[in-house]
Amino acid sequence: AAVRAGLTRSIGASNFNQAQLAAIDYVQVSTKGGIPIAVNQVESHPLLPQTSLLDFCRARKIVVTAYSPLGSPDNVRARTDSDPSLLGDAGIAAIGASYGKSAAQVLVRFHTQRGVVAIPKSKTPAYMAANLDTFDLELSEAHM
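Residues numbered from 1 in each chain as written. Predicted model: local features only at pLDDT ≥ 70, side-chain atom pairs only at ≥ 80, totals over all residues. Heavy atoms only, no water.

**Observations regarding helix α2 (residues 51–59)**
Put simply, the rule is: A 1.4 Å probe rolled over the protein chains alone gives each residue an accessible area, and that area as a share of the maximum for its type sets the label: buried under 20%, exposed over 50%, partly exposed in between. In this description a helix means any DSSP run of H or I spanning at least four residues, a strand means any run of E spanning at least two, and both kinds are numbered starting from the N terminus. To be clear, the arc concerns the directions from the helix axis to the C-beta atoms.
Along α2, the residues classified as buried are Leu53, Leu54, Phe56 and Cys57. With its buried residues spanning 160° around the axis, α2 presents them on a single face. Backbone geometry just downstream of α2 places Lys61 in the positive-phi region, at approximately 60°.

Take a look at the structure:
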């Protein structure tokens, strides 16, 4: 209804998998109408890279936005003691140190280098600035 009324120009999805996105794409193509999905927001980080979904979305010009790109370190309801901490991961910290960057900056760059929009939670202006200070960095293939 919002599309027909001209009230929307873009539509986003959240946590849609490939089958769900394909079903929407099929309906839009078969009915010759509607607005294609512009963005799909999903949890993504190095332990959950969503590679297959990312490839699927790229082929359909759907932007992927990663929520929890730092691995949800503050989500106490969803985390268990056995969950790995990406920000505390020695390997990620070592990669950051080799570039003069923090683990969080490496994690943000991991996404942007893959063409994924990263939306890390930022509590302070300093963290916000640090998250933006990743565009002078190119992670090697081995570090990706």
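Next, the rest of the story.
**Some thoughts on a nonpolar patch on the surface**
To keep things clear, this is the line we draw: Every patch collects residues that have over 30% relative accessible area and no salt bridge, joining them within 9 Å if they carry like charges and within 5 Å if they are nonpolar side chains (Val, Leu, Ile, Met, Phe, Trp, Tyr). Residue exposure ignores everything except the shown protein chains as possible cover, and the areas themselves are Shrake-Rupley values with a 1.4 Å probe. Definition used for salt bridges: Asp or Glu carboxyl oxygen within 4 Å of a side-chain nitrogen of Lys or Arg.
Residues Val63, Val117 and Ile119 make up a contiguous nonpolar surface patch of roughly 210 Å² in combined accessible area. For Ile119, a relative accessible area of 40% corresponds to the partly exposed category.

**A few points about the pattern of salt bridges**
Under the definition given, this model contains 4 salt bridges. Taking the shortest distance from any N to any O, the salt bridge between Asp55 and Arg58 comes out at 3.6 Å. Remark: Arg58 and Asp55 occur in helix α2; sequence separation between them is 3 residues, near one turn of the helix. For Asp55, a relative accessible area of 43% translates into the label partly exposed. When the shortest N-O distance is used, the salt bridge between Lys101 and Asp136 registers 3.0 Å. Of this pair, Lys101 sits in the loop between α3 (90–99) and α4 (103–113) while Asp136 is found in the segment after α5 (125–132), placing the two residues 35 residues apart along the sequence.

**Some thoughts on unusual backbone geometry**
Of note, Lys61 is a non-glycine position whose phi angle comes to about 60°, a positive value. Its place among the elements puts Lys61 in the loop between α2 and β3 (63–67). Despite not being glycine, Ser68 shows a phi value in the positive range, around 60°. Tracing the sequence through the fold places Ser68 in the loop between β3 and α3. For Ser68, a relative accessible area of 19% translates into the label buried.

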